[in-house]
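# A look at the structure
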Amino acid sequence: MSDRVRLSVFAVALAGLLGLMLWGFAGLPDFGHYRGPYGEILNRVAVPERSTTDVVTAVNFDYRGFDTLGEEFILFAAVVGVASILRTLRDERTRRPDDDAAGRHVPETSLPVRITGLGLVPPAILVGIYILAHGHQTPGGGFQGGVILATALLLTYLSADYMTMRAVGPTWLLELAEGMGAAGFALIGLAGVVAGQAFFENVLGKGTPGELLSSGTIPLSNTAVGLAVTGGFVFMLSEFLQQALTRRRERRRRRGARRPA
């Protein structure tokens, strides 16, 4: 197939895709005219039934908690896959990296960057905990709070180095958080079955809407997902950084073996 034919096929396919998109957009309702009876029903019943003022969180962790369980284990499978691929040379010793280029000096992180980065760590932790703990009251929850908490550890790496981040968040602790979060969310779903009701049935006391201790199992689900997201994201970052150091040391070893005696 010539280049001209390939270009023609690509142009036709692109035009067909754009046509389908325009056709789909043409069927959308006008702005401000919502056509979703499912959403209208939830807006009407979520507060009295689940004592939560955030209907989206009620959907994620209660009404359709089984779907969220699938999303949670997609993340879990991705973390396990990354670790399985990158963990190939675990018998080497980890130490601070140096640059491969001969005669090139790699400067340390500057003091202003260190101070700014480390100064942002406590606010990031507080905001992450707040978003996680109030997910059943305001927009947020375990996924959003977990990402913010993972950012706090990332700031530690950016303002210092990889070894400092490993000291603050050791690998075993990240693995524990990821495993406990994923398993805990599944066990919360099983609590409904143990109580003789449906899977992910909200079997705890609902409390008063707007209060921190309310909404039954929803805050527990938020916490479990927050643990899994925090541990998963930082664990994957740690594995990538660990592999970068391992490959750098391996290249140095091969380079030294090729040098004449």
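Residues numbered from 1 in each chain as written. Predicted model: local features only at pLDDT ≥ 70, side-chain atom pairs only at ≥ 80, totals over all residues. Heavy atoms only, no water.

### Overview of the pattern of salt bridges
The criterion, for reference: Criterion for a salt bridge: a side-chain nitrogen of Lys or Arg within 4 Å of a carboxyl oxygen of Asp or Glu.
Across all of its chains, the model carries 3 salt bridges by this definition. Glutamate 49 is the salt-bridge partner of arginine 50, the closest N and O atoms lying 4.0 Å from each other. One connected set of salt bridges, linked through shared partners, spans Glu49, Arg50 and Asp62.

### Looking at the confidence of the model for the protein chain
Here is the rule: One number per residue, pLDDT, summarises how confident the predictor is, and it ranges from 0 to 100. Helix and strand assignments follow DSSP, with helices taken as H or I runs no shorter than four residues and strands as E runs no shorter than two, numbered in order from the N terminus.
Taken over all residues, the pLDDT of the protein chain has a mean of 82, while the share at 70 or more is 85%. Model confidence for the protein chain, summarised as mean pLDDT per element, is weakest for helix H7 (residues 162-168) at 76 and strongest for helix H3 (residues 55-63) at 90.

### Brief notes about helix H2 (residues 37-50)
The cut-off we apply is this: How far a helix is expected to stretch is found by multiplying one less than its residue total by 1.5 Å. Bend at a residue means the angle formed by two fitted axes: the first through the 7 residues ending at that position, the second through the 7 residues beginning there. Three labels apply to residues, based on accessible area from a 1.4 Å probe with only protein chains included: buried if under 20% of the type maximum, exposed if over 50%, partly exposed otherwise in between.
The end-to-end C-alpha separation of H2 is 19 Å, in line with the 20 Å expected for 14 residues at 1.5 Å each. Arginine 44 marks the point of greatest bend in H2, at about 35°, and the proline proline 48 comes within the next four residues. Those residues of H2 not exposed but buried are Gly39, Leu42, Ala46 and Arg50. Looking one or two places after H2, you find serine 51, whose phi comes out positive at around 55°.

### Focus on the environment of phenylalanine 199
Inclusion rule: Contacts between residues were defined by any pair of non-hydrogen atoms, one from each residue, lying within 4.5 Å.
With respect to the helices and strands, the residue phenylalanine 199 is situated in the loop between helix H8 (171-194) and helix H9 (218-258). You can call phenylalanine 199 partly exposed: its relative accessible area is 31%. Residues phenylalanine 199 and phenylalanine 66, 133 residues apart in the sequence, show an inter-C-alpha distance of 7.9 Å. Apart from the residues lying within four places of it in its own chain, the contact partners of phenylalanine 199 are Phe66, Leu69, Ala186, Gly189, Leu190 and Val193.

### Some words on unusual backbone geometry
With phi around 55°, serine 51 is a residue other than glycine that occupies positive phi space. Phi at phenylalanine 200 takes a positive value of approximately 65°, unusual for a residue other than glycine. Relative to the assigned elements, phenylalanine 200 resides in the loop between H8 and H9. Residue classification places phenylalanine 200 among the buried positions, given a relative accessible area of 5%.

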